[in-house]
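Secondary and tertiary structure notes
Residue-level listing of the chains:
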Amino acid sequence: MIISIVSTKGGQGKSTLALCLAYSKAFSKAFRSIALVEMDKQGTLKSWYLERDAEKNNGVSFTHLVEKNKPVVVDTLTDLIKRNDVVIMDVVGEGIGGVYTQLATRLSDICIIPMRSSVNDEASFYDGLNPVIKSSIQEKPKRAKDTFFLLPTFVHPASNPKKIKDYFEAVIPKYIKVLPCCFFHRSVFDYY
């Protein structure tokens, strides 16, 4: 299984979300082998991973994939998929022509789209990510059913998740499901 965290801009919580998924108790119970792939040369996850010794990584393997050559990227991902039950990809925030975003929307079983409730994030989604998703759905119409999920991010912990979900369902296309939960402000995860 491939799970991608995608967005065409930075600062929406992709790396934090990928990290939390890979190291969650639920994932460690459900999957024997988990690969965490960072596709951002900034290396936020790489730094975090290298700061921990092997026993603290709980069997999660890590790959820092910053290659732009599409065949090399596909070969690397194919190898990771063969060797792991689940591959979690932290896809770099890149524009509409981005290699990683296009691959993620085409190869993933699940694409999670973190998004804040802001006009800038909505514009970025419609200008950058939505055309890529629509192209992916045109190639494989079945992907419209259960592949793309929006996760509201940086929500205040006291907010009503139902109201947040209703807001996003009003502004996001129907082929993207809005998850009935929220990813709280980054400060909640600072000491993770």
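Everything below is about the structure printed above this text.
Summarised in this report is the structure supplied together with it. (Residues numbered from 1 in each chain as written. Predicted model: local features only at pLDDT ≥ 70, side-chain atom pairs only at ≥ 80, totals over all residues. Heavy atoms only, no water.)

The next point concerns the packing of helix 4 (residues 70–83) against helix 5 (residues 99–107). Where helix 4 meets helix 5, the axes come as close as 11 Å, and the angle between the chain directions of the two elements is 40°. Judged by the inter-axis angle, helix 4 sits oblique to helix 5. Between helix 4 and helix 5 lies a crossing of right-handed hand. Here Lys70, Val73, Val74 and Leu77 of helix 4 come into contact with helix 5, specifically with Val99, Tyr100, Leu103 and Leu107. For the contact of helix 4 with helix 5, a count of residues per class yields seven nonpolar, no polar and one charged. (Axes fitted to C-alpha atoms, helices over the stretch in contact; angles between N-to-C directions. Helix = DSSP H or I, 4+ residues; strand = E, 2+ residues; numbered from the N terminus. Parallel < 35°, antiparallel > 145°, perpendicular 65-115°, else oblique. Left-handed = near helix turned anticlockwise from the far one by under 90°. Contact = heavy atoms within 4.5 Å. Nonpolar A, V, L, I, M, F, W, Y, C, P; charged D, E, K, R; others polar.)

Our focus in this paragraph is the side chain of Asp90. Mapped onto the elements of the fold, Asp90 is located in strand 4 (residues 86–90). Not counting residues within four places of it along the chain, the set of residues in contact with Asp90 comprises Ile5, Lys14, Ser15, Ala18, Val37, Glu38, Met39 and Leu45.

Let us look at the packing of aromatic side chains. Counting across every chain of the model gives five aromatic pairs. Relative to Tyr126, the ring of Phe125 has its centre 5.0 Å away and its plane inclined at 85°; by these criteria the two rings are edge-to-face. Owing to a relative accessible area of 2%, Phe125 belongs among the buried residues under this scheme. (Phe/Tyr/Trp six-rings, centres within 6.5 Å; stacked < 30°, edge-to-face > 60°. Buried < 20%, exposed > 50% of the residue type's maximum accessible area, 1.4 Å probe, protein only.)

This next bit is on helix 4. Between the first and last C-alpha of helix 4 there are 20 Å, a value that for 14 residues agrees with the 20 Å anticipated at 1.5 Å per step. Buried within helix 4 are the following residues: Val73, Leu77 and Leu80. Relative to the axis of helix 4, the buried residues are bounded by an arc of 60° and lie together on one face. In helix 4, the exposed positions angled more than 90 degrees off the buried face are occupied by Pro71, Asp75, Lys82 and Arg83. Tucked inside the fold, the buried residues of helix 4 contact strand 2 (34–38), strand 3 (60–64), strand 4 and helix 5. (Expected span 1.5 Å × (residues − 1). Arc of directions from axis to C-beta.)

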